[in-house]
Amino acid sequence: MSLILYLLKRLLYTLPLMAGAIAIIFFLIHAAPGDPVDYLIGEAGASQEVVDRLRAQMGLDRPVIVQFGIYAFEVLAGNLGYSVVSGAPVLTLILERFPATLLLMATQYTLAAIIGITLGVVSARRPNSATDNVITFFSLASFAIPVFWLGQMMILIFGYYLDWFPIQGMTNLRKGYTGFAYVLDVAYHLTLPALTLAIYNVGLVLRLTRSSVIQVTGQDYIKVARAKGLSERTVLFKHALRNALLPVVTVIGVEIPGLIAGAVLAETVFGWPGLGRLTLDAINARDYPLLMGMFLFICLFVILANLVVDLLYAALDPRIRYS
Amino acid sequence: MTSLAIDIRGLRTEFHTHVGIVKSVRGVDMRIGAGEILGLVGESGSGKSVTAHSIMRLLPSIARIMDGAILFEGKDLVASTEKEMREIRGNRISMIFQEPMTSLNPVLRVGPQVAEVLRLHRGMARKEALAFAAELFSRVGIPDAARRLEAYPHEMSGGMRQRVMIAMALACSPKLIIADEPTTALDVTIQAQILELLRDLVANADAALLLITHDLGVVSETADRVAVMYAGQIVEMAPVERFFSTPLHPYSIGLMRSVPRLDEDEQGDRTLYAIGGTVPNLMNLPRGCAFQSRCAHVHERCRIEEPAMRPVADGHEVRCWLHDS
Ligand SMILES: Nc1ncnc2c1ncn2[C@@H]1O[C@H](COP(=O)(O)OP(=O)(O)OP(=O)(O)O)[C@@H](O)[C@H]1O
Ligand code: SF4
Ligand SMILES: [Mg+2]
């Protein structure tokens, strides 16, 4: 099967997935205690009349199943509704924040992948050597440390005591940089949150790469590669690594939802203006339309990210494409 | 035998494991003439593969060559540097492995895998190397060679993959090819084809072949000379006709009897004669002859002194007190 056909087939699979996601998200959120009206009127309270009017305005007085029908219909038409709190279109709110999150996630995961794979290979070259043990210790620590604590430590050390990096936000608003200076400014702000998340994620990639490389270097075709007279580096990077990366790629795909959870935490700690913060605010405000929009968006993102991972896998392993 | 392709003298290879020292190769002397096919036979664990990997210097890190010399093209491979060995591997000495199904890298096309050797040792450019690989493919009988270069290993049968491995081994016209059980994993008809191919190619290329097998049938059809290995030592070495007509070592005789005779009629005795007992522990060998616990002719002297290789006829040597004169 060609790569294109494979892609089309996978895209087709996403439709029922998304339909299921819409239903589950809708009913889960409506089953959660609390109600946006309670949030809007606040502690002071309001007369039953006002409450009823608000509920009617938002359509909350109708049976849940009718609400669902309306919602599903609107979503299919591309309308995710309006935020209860700000009144802005949900899609606009999400798309406004998405680039910041995407930037943070892509940067940190690229970093984690590069560091993790490199250290994993170094570790696997001489299992149980001193180098391997140091790297193993580091990877286990990286697993065990909670992101928010690590983030605060990074802020304390590199932001506060050493004062190398900014502590909060994505840009220096006062300076109002443009052009290349703006890019540099964002990169400067990005360093600490991206590094924090990368350190957190590096452990998994590293452990997987290590065991996978060790497993692959025992294979016959590696013996053959050595018997060809290739240098150890060529054997490792040309013949072993591509095979060793297959399980790593699979797990990276499975880990994407966890990545988003980590991003939410890191965005909160570093005041990063992305979807994580938006989600947190929407939860606190019981902003149903925004919340549902967020979750749907995350679902779509996870599904598409998995698609990319599958394509990457197919590109790495010719056996997949033909089966 | 005019000139020697390789001259191995007193090779000793040990594995230093955490439970003890495994003496896998215990003083092997072996010479292979240019263009000659030497069949190396012996039971599983007798040290055939370790001997081969010692020649290639491709031993795992726990293994060590303790003693001996491997003279090849004016160099002692035992004393050669890793860099010198890399220039020899795949170029002057190449190796064919047992498992064609797993010997090729599954994520790379077969053409470039063969071309890789040519680019490395012959400094050929990509295109040139691929064109040469196509030529090698047709030489080893892969039909539609130019198109097959593009195939991935999983798209080929075991027999075809072994042909690819042979093409790879032949690529740089090596002086010595080591084939470690090249047909064991293949079914019988394919086995015969591959052996015939190997024999023809080796003759044409004037390469020497060290053919490792535990199948005496393969040896009788392919080899010029036979070396029998037992517990890390060569116990008998002879030209192939001589070996099959007059095997001398009790172990060789046992091996010969354990081969099913296909030419015997159905009513005849087709049961396998198995040599009783098991291979001695290479970590803790008995004093004297290594075969004593399984030998029907064991006597006093066998338990005290270890026999040495003794010539008994032209090109025929044996390691046994029964033939020490
Ligand atoms: N990695 C290793 N660690 C410890 N001992 C080993 C190792 N590899 C081989 N040996 C030992 O060396 C001896 C010879 O092994 P070798 O692989 O050469 O046998 P062989 O004659 O090729 O057998 P086979 O017909 O099964 O391939 C065996 O007894 C084995 O226990
Ligand atoms: S030396 Fe003795 S024990 Fe060894 S093979 Fe000869 S007769 Fe048998
Ligand atoms: Mg072997």
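One can find the structure itself at the top, above this paragraph.
Residues numbered from 1 in each chain as written. Chains lettered and ligands numbered in written order. Predicted model: local features only at pLDDT ≥ 70, side-chain atom pairs only at ≥ 80, totals over all residues. Heavy atoms only, no water.

Asker: I'd like to hear about the interface of chain A and chain B, residue by residue, with values.
Answerer: Quoted interface sizes are often the accessible area lost when the parts come together. In this complex, chain A contributes 21 residues to the contact, which on the side of chain B involves 25 residues. Summed over both partners, the interface of chain A with chain B buries about 2,000 Å², with 62% contributed by carbon and sulfur atoms. Ranking the residues of chain A by area buried against chain B places A:Val224, A:Ala227 and A:Lys228 at the top, with a combined share of 27%. The interface formed by chain A and chain B includes two salt bridges. A salt bridge links A:Lys238 to B:Glu116; its shortest N-O distance comes to 3.0 Å. Of all the secondary-structure elements, those providing two or more residues to the side of chain A that touches chain B are α9 (220-227), α10 (232-270) and α13 (318-322) of chain A. Ranked by residue count, the leading element in the side of chain A that touches chain B is α9(A), at six residues. Considered class by class, the residues forming the side of chain A that touches chain B number seven nonpolar, five polar and nine charged. (Contact = heavy atoms within 4.5 Å. Buried area = accessible area lost by both parts, 1.4 Å probe. Salt bridge = Lys/Arg side-chain N within 4 Å of Asp/Glu carboxyl O. Helix = DSSP H or I, 4+ residues; strand = E, 2+ residues; numbered from the N terminus. Nonpolar A, V, L, I, M, F, W, Y, C, P; charged D, E, K, R; others polar.)

Asker: Which residues make up the site of ligand 1, and what values go with them?
Answerer: Residues and elements named next belong to chain B. In the vicinity of ligand 1 there are 14 residues, among which Ser 24, Ser 44, Gly 45, Ser 49 and Val 50 approach most closely. The contact in question runs from an oxygen atom of ligand 1 to an N or O atom on the backbone of Ser 46, over 3.2 Å. Lys 48 places a main-chain nitrogen or oxygen 2.9 Å from an oxygen atom of ligand 1. When ligand 1 sits alone it has 630 Å² of accessible area, and the protein chains cover 66% of it. Of all the secondary structure elements, the ones that give two or more residues to the shell around ligand 1 are β1 (4-17) and α1 (48-56). In terms of residues, the shell around ligand 1 owes the most to one element, α1, which gives three residues. Grouping the amino acids of the shell around ligand 1 by side-chain chemistry returns four nonpolar, seven polar and three charged. (Near = heavy atom within 4 Å. Polar contact = N/O pair within 3.5 Å; in protein donor to acceptor, adjacent residues only side chain to side chain. Areas by Shrake-Rupley, 256 points an atom, 1.4 Å probe, with all protein chains shown as cover.)

Such coordinate-based values are descriptive only and should not be taken to indicate function.
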